[in-house]
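# Observations on the model geometry
Below are the chains, spelled out letter by letter.
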Amino acid sequence: MSNWIVMIFIGILSLIAGIIALLNPFAASLTATLIAGWSFLILGALQIIAGLQAEGTGSKLLGTLIGLVALIIGINIVAKPMEGLITLTMIAGVMFLVSGIFKAWVGFANAEGPLRSALILSGLVSIVLGVMVLSNFPQSAEVVLGIMLGIELLSNGVSAIALALVGKNAKT
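In what follows, the accompanying structure is described. Given the structure is predicted, the values throughout are model-derived calculations rather than measurements.

## Regarding the overall build of the chain
The secondary structure content of the chain amounts to six helices and zero strands. The N-to-C order of helical and strand elements in the chain reads α-α-α-α-α-α. A globule of 172 residues ought to have a C-alpha radius of gyration of about 16 Å, yet the chain, at 20 Å, is considerably larger. In terms of overall dimensions, the chain has C-alpha extents of about 55 × 50 × 35 Å along its principal axes. Burial statistics for the chain: of 172 residues in total, 28% are counted as buried. Once local pairs closer than 6 in sequence are excluded, the contacts in the chain between residues at least 24 apart make up 77%.

Right, here's the structure in full:
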């Protein structure tokens, strides 16, 4: 099977998953929360192993401590996904605000030409998203992560299909 066919298949699956996520954003939000929880859990365990194998007492201690914190976060999210959902939504809202302020500041302070406009616009969009998430918090927690997951899956699907078609046309 050609690579472009595999990419088309992946793109279509991603589009379908994105539509499903947008049709049921609460289930998608819980799924995203559990994925984050398991990621913290697995990465925390791996970090503990790496920390214990590090050379030097300081490196061992710091690496193991970071892994332990990630492991505890993962266990808490997996054990209590609704609380994790609320926490992750709050973090997402704050991250939107902070990244938006930073992008707008860089756009106003340093950028020139089209980059300036793009950074300012991107910053303003992020700020608006942050305000939307946080102004309706905690009710927004039920759907925000699912909607973001759905949009990301749709975007990935379109990108995969576009790359596949470009790859197919490049070979012919």
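## Some words on the nonpolar core
Ala36, Leu85, Leu88, Ala92, Ala141 and Leu145 together form the largest nonpolar core, which totals six residues. Looking at which element gives the most residues to this core, the answer is helix H4 (residues 81-109), with three residues. Residues within four places of Leu85 in sequence aside, it is in contact with Phe26, Ser29, Leu30, Thr33, Ala141, Glu142 and Leu145.

## Points about a nonpolar patch on the surface
A cluster of nonpolar side chains, namely Val6, Phe9, Ile10, Ile12, Leu13, Ile16 and Ile20, defines an oily patch on the protein surface of about 620 Å² accessible area. As for its position among the elements, Ile20 is in helix H1 (residues 3-23). Judged by relative accessible area, Ile20 falls into the exposed class, the value being 52%.

## Some points on the packing of H4 against helix H5 (residues 113-135)
At a closest axis distance of 7 Å, the pairing of H4 and H5 adopts a crossing angle of 155°. Between H4 and H5, the angle is such that the two are roughly antiparallel. Considering the relative orientation of H4 and H5, their crossing is left-handed. Partitioned by chemical class, the residues of the contact of H4 with H5 number 15 nonpolar, nine polar and two charged.

## Section: the layout of surface pockets
Computed from the structure, the largest pocket encloses a volume of approximately 260 Å³. Phe96, Leu129, Met132, Val133, Ser140, Val143, Val144, Ile147, Met148, Ile151, Glu152 and Ser155 are the residues that line the largest pocket. Every element with two or more residues in the lining of the largest pocket is listed here: H5 and helix H6 (144-171). Here the lining of the largest pocket takes six residues from H6, the largest share from any one element. Taken together, the residues of the lining of the largest pocket break down into nine nonpolar, two polar and one charged.

## Remarks on the packing of aromatic side chains
Under the criterion given, the structure shown has one aromatic pair. Relative to Trp105, the ring of Phe102 has its centre 6.1 Å away and its plane inclined at 45°; by these criteria the two rings are tilted. Here Phe102 pairs with Trp105, and both are found in helix H4, just three residues apart, close to one helical turn. With a relative accessible area of 52%, Trp105 lands in the exposed category.

## Side note on the side chain of Thr89
By the secondary structure assignment, Thr89 is in helix H4. In terms of polar contacts, Thr89 uses its side chain to reach the backbone carbonyl oxygen of Leu85, at 2.7 Å. Residues within four places of Thr89 in sequence aside, it is in contact with Val133, Phe137, Ser140, Ala141, Val144 and Leu145.

## With respect to the packing of helix H2 (residues 25-53) against helix H3 (residues 57-79)
Relative to each other, H2 and H3 sit at 160°, their axes nearing to 7 Å. Relative to H3, the element H2 is oriented roughly antiparallel. The handedness of the crossing between H2 and H3 comes out as left-handed. Residue classes in the contact of H2 with H3 are distributed as 15 nonpolar, 10 polar and one charged.

Analysis parameters
- Residues numbered from 1 in each chain as written.
- Predicted model: local features only at pLDDT ≥ 70, side-chain atom pairs only at ≥ 80, totals over all residues.
- Heavy atoms only, no water.
- Helix = DSSP H or I, 4+ residues; strand = E, 2+ residues; numbered from the N terminus.
- Rg over C-alpha atoms; globule rule 2.2 N^0.38 Å.
- Buried < 20%, exposed > 50% of the residue type's maximum accessible area, 1.4 Å probe, protein only.
- Contact = heavy atoms within 4.5 Å.
- Core = buried A, V, L, I, M, F, W, Y, C linked by side-chain atoms within 4.5 Å.
- Patch = residues over 30% accessible without salt bridge, like charges linked within 9 Å, V, L, I, M, F, W, Y side chains within 5 Å.
- Areas by Shrake-Rupley, 256 points an atom, 1.4 Å probe, with all protein chains shown as cover.
- Salt bridge = Lys/Arg side-chain N within 4 Å of Asp/Glu carboxyl O.
- Axes fitted to C-alpha atoms, helices over the stretch in contact; angles between N-to-C directions.
- Parallel < 35°, antiparallel > 145°, perpendicular 65-115°, else oblique.
- Left-handed = near helix turned anticlockwise from the far one by under 90°.
- Nonpolar A, V, L, I, M, F, W, Y, C, P; charged D, E, K, R; others polar.
- 1 Å grid on protein atoms, 1.4 Å probe; cavity = no way out; pocket = protein on both sides within 12 Å on 5 of 7 lines; lining within 4 Å.
- Points joined across faces, edges and corners; volume = space filled by probe spheres on them.
- Phe/Tyr/Trp six-rings, centres within 6.5 Å; stacked < 30°, edge-to-face > 60°.
- Polar contact = N/O pair within 3.5 Å; in protein donor to acceptor, adjacent residues only side chain to side chain.

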